[in-house]
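A look at the structure
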Amino acid sequence: MVDDSTRKTLSNIPLLQIRAGPREKDVWVQRLKEEYQSLIKYVENNKQSGSDWFRLESNKEGTKWFGKCWYMHELLRYEFDVEFDIPVTYPTTAPEIALPELDGKTAKMYRGGKICLTDHFKPLWARNVPKFGIAHAMALGLAPWLAVEIPDLIEKGIITYKEK
């Protein structure tokens, strides 16, 4: 069910070991360290393969994440704000990734611009708790969503290229 490209991407993202969410203050710091290490490795791999596609940062507590993601379509870069909160039941519950400026522009999105991940990603996440983290949510959640939805939204004229 998983293609070779996805399998290769996944194999290069470090798995996490610590099962802790924001409520477990002492252990959360250790989990956050694992999250950052995994994200850094994923971004480095993306840069090396020429497929760099997002930037993320968090608040001091690591509970609110925000940044930019982009999708290349016909040599044009479409850039979007990305944001999500870490659920209190994390890592059992996956983060709900939002692209606020696309709110209401596609059926595969919930209120507030949260992308729909229920059918494909959430069951995969549930089978891989606590090994999956933020980097996995980006690689297996947001990346495929962008690959399917953005070209469709462009084709329908719902989103247009904005010169930077």
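How each quantity is defined
- Residues numbered from 1 in each chain as written.
- Predicted model: local features only at pLDDT ≥ 70, side-chain atom pairs only at ≥ 80, totals over all residues.
- Heavy atoms only, no water.
- Helix = DSSP H or I, 4+ residues; strand = E, 2+ residues; numbered from the N terminus.
- Rg over C-alpha atoms; globule rule 2.2 N^0.38 Å.
- Buried < 20%, exposed > 50% of the residue type's maximum accessible area, 1.4 Å probe, protein only.
- Contact = heavy atoms within 4.5 Å.
- Lys, Arg positive; Asp, Glu negative; His and termini not counted.
- Charge placed at Lys NZ, Arg CZ, Asp CG, Glu CD.
- Pairing = 2+ DSSP bridges.
- Axes fitted to C-alpha atoms, helices over the stretch in contact; angles between N-to-C directions.
- 1 Å grid on protein atoms, 1.4 Å probe; cavity = no way out; pocket = protein on both sides within 12 Å on 5 of 7 lines; lining within 4 Å.
- Points joined across faces, edges and corners; volume = space filled by probe spheres on them.
- Nonpolar A, V, L, I, M, F, W, Y, C, P; charged D, E, K, R; others polar.
- Phe/Tyr/Trp six-rings, centres within 6.5 Å; stacked < 30°, edge-to-face > 60°.

Counting its regular elements, the chain contains 4 helices and 5 strands. Order of helices (α) and strands (β) in the chain, N terminus to C terminus: α-α-β-β-β-β-β-α-α. For 164 residues, the compact-globule estimate of 2.2 N^0.38 gives 15 Å, and the C-alpha radius of gyration of the chain, at 16 Å, lies within 12% of that figure. Dimensions of the chain along its principal axes, counting C-alpha atoms only, are 50 × 35 × 35 Å. Here the chain holds 164 residues, and 41% of them are scored as buried. A separation threshold of at least 6 residues defines the contact pool for the chain, and within that pool the share at least 24 residues apart is 51%. Here the chain holds 24 positive side-chain charges and 23 negative ones, and the gap between their average locations is 4 Å.

It is worth spelling out the sheet that holds strand β2 (residues 64-73) at this point. The 3 strands are arranged β1-β2-β3 in an open sheet whose pairing can be described as antiparallel. Where the open sheet ends on each side, the last strands, each with one partner, are β1 (54-58) and β3 (76-85). Within the sheet, the average angular offset between the axes of one strand and its neighbour, ignoring direction, is 15 degrees. Direction of pairing for β2 relative to β3: antiparallel, over a ladder of 10 bridges. Counterpart to tryptophan 70 in the pairing with β3 is glutamate 79. Each of β1 and β2 touches helix α2 (residues 25-48); the most contacted strand, β1, lies at about 165 degrees to it. Relative to β2, helix α4 (residues 134-155) is tilted by about 45 degrees, and along the sheet it contacts β1, β2 and β3.

The subject of this paragraph is the layout of surface pockets. When its volume is computed, the largest pocket comes out at roughly 690 Å³. If you go around the largest pocket, you meet 21 residues; those closest to its centre are Asp119, His120, Phe121, Leu140 and Pro144. When contributions to the lining of the largest pocket are tallied by element, the ones reaching two or more residues are α1 (4-11), α3 (121-127) and α4. It is α4 that provides the largest number of residues to the lining of the largest pocket, a total of 6 residues. Classifying every residue of the lining of the largest pocket gives 12 nonpolar, 4 polar and 5 charged. Reported here for the second largest pocket is a volume of approximately 430 Å³.

Now for the packing of aromatic side chains. For any pair of aromatic rings, the description consists of the separation of the ring centres together with the inter-plane angle of the planes. Overall, the coordinates contain 9 aromatic pairs when judged by the stated rule. Their ring planes at 40 degrees and their centres at 5.3 Å tell us that tyrosine 36 and tryptophan 65 sit as a pair that is tilted. Remark: tryptophan 65 occurs in strand β2 and tyrosine 36 occurs in helix α2; sequence separation between them is 29 residues. Tyrosine 36 sits in the partly exposed class, given a relative accessible area of 34%. Residue class for tryptophan 65 comes out buried when judged on its relative accessible area of 2%. Aromatic side chains tyrosine 90 and tryptophan 125 sit 5.9 Å apart centroid to centroid with 45 degrees between the ring planes, which places their arrangement in the tilted category. One end of the pair, tyrosine 90, is in the loop between β3 and β4 (109-110); the other, tryptophan 125, is in helix α3, and 35 residues separate them in sequence. Taken as a pair, tyrosine 90 and tryptophan 125 share a single burial class, namely buried. Taken together, Trp28, Tyr90, Phe121, Trp125 and Phe132 form an aromatic cluster joined through their ring pairs.

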